[in-house]
Amino acid sequence: MATYQVRFFKTLLSSDGHPFCCLQDVLEIRNADTPDSAVAQAEQEYERLHNVSQWNRWADIIEVSEVTCRRATRRRAAARMAAARAA
């Protein structure tokens, strides 16, 4: 079993009409058998955390990667969460 980081993005249009991807959330899924199972768990967790019935209304791109160095990932995730709270 592995740990995966699942990132949710929403494609938006800039003021000049060009599309760009905006990060919506990053979830760490522990003890997943495969990347696909990590994504399925993350989709459910996203819906629960954001109190939405369908995650794909708020994000349209998912990226998944296996976490190999958990200590650094936790620090980055904690820094992102602190920055999001401050905003």
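Throughout, a residue's number is its position along its own chain's written sequence, starting from 1. Totals for whole chains, interfaces and linings use all residues, but because this is a predicted model, local features are given only for residues with pLDDT of at least 70 and pairs of side-chain atoms are given and counted only at 80 or more. Just so you know, side-chain values use all the structure's heavy atoms and leave hydrogens and water out.

### A few points about the overall build of the protein chain
Here's step 1: In DSSP terms, a helix is any run of H or I states spanning at least four residues, a strand is any run of E spanning at least two, and both are numbered starting from the N terminus. In terms of regular secondary structure, the protein chain is built from 2 helices and 3 strands.
Here's step 2: Taken from N to C terminus, the helices and strands of the protein chain fall in the order β-β-α-β-α.
Here's step 3: Counting only residues that meet the buried cut, the protein chain has 25% of its 87 residues in that class.
Here's step 4: The long-range share in the protein chain, meaning contacts at least 24 apart out of those at least 6 apart in sequence, stands at 56%.
Here's step 5: Computed by Shrake-Rupley with a 1.4 Å probe, the accessible areas treat only the displayed protein chains as cover when residues are assessed. Within the structure as shown, the protein chain displays about 6100 Å² of accessible surface, and the carbon and sulfur contribution to it stands at 50%. Categorising residues by exposure relies on relative accessible area from a 1.4 Å probe, with only protein chains included: less than 20% of the type maximum marks a residue as buried, more than 50% marks it as exposed, and the intermediate range marks it as partly exposed. Whether two residues are in contact is decided by their heavy atoms: any pair within 4.5 Å suffices.

### What about the environment of Thr34?
Here's step 1: Along the chain, Thr34 turns up in the loop between strand S2 (19–32) and helix H1 (35–50).
Here's step 2: When the C-alpha positions of Thr34 and Ala2 are compared, they lie 7.6 Å apart, and in sequence the two are 32 residues distant.

### What to know about the state of the cysteines
Here's step 1: Two cysteine sulfurs form what is called a disulfide whenever their separation falls within 2.5 Å. Tallying each qualifying case throughout the model produces 0 disulfides.
Here's step 2: Cys22 supplies the cysteine sulfur nearest to Cys21, a cysteine that is in no disulfide, at a spacing of 8.9 Å.
Here's step 3: The partly exposed category is assigned to Cys21, whose relative accessible area is 46%.
Here's step 4: Using a relative accessible area of 27% as the deciding quantity, one classes Cys22 as partly exposed.

### Regarding the pattern of salt bridges
Here's step 1: Each reported salt bridge corresponds to a side-chain nitrogen of Lys or Arg within 4 Å of a carboxyl oxygen of Asp or Glu. The tally for this structure, following the rule as stated, stands at 3 salt bridges.
Here's step 2: Here Glu63 makes a salt bridge to Arg7, at a shortest N to O gap of 3.4 Å. Note that Glu63 is positioned in strand S3 (residues 61–66) and Arg7 in strand S1 (residues 2–13), a separation of 56 residues in sequence.
Here's step 3: Of the residues examined, Arg7 reaches a relative accessible area of 16% and is grouped as buried.
Here's step 4: Between Arg48 and Glu45 there is a salt bridge whose closest N-O contact spans 2.6 Å. With Arg48 and Glu45 both in helix H1 and 3 residues apart, this pair spans about one turn of that helix.
Here's step 5: Look at Arg48 and you get exposed, because its relative accessible area is 54%.

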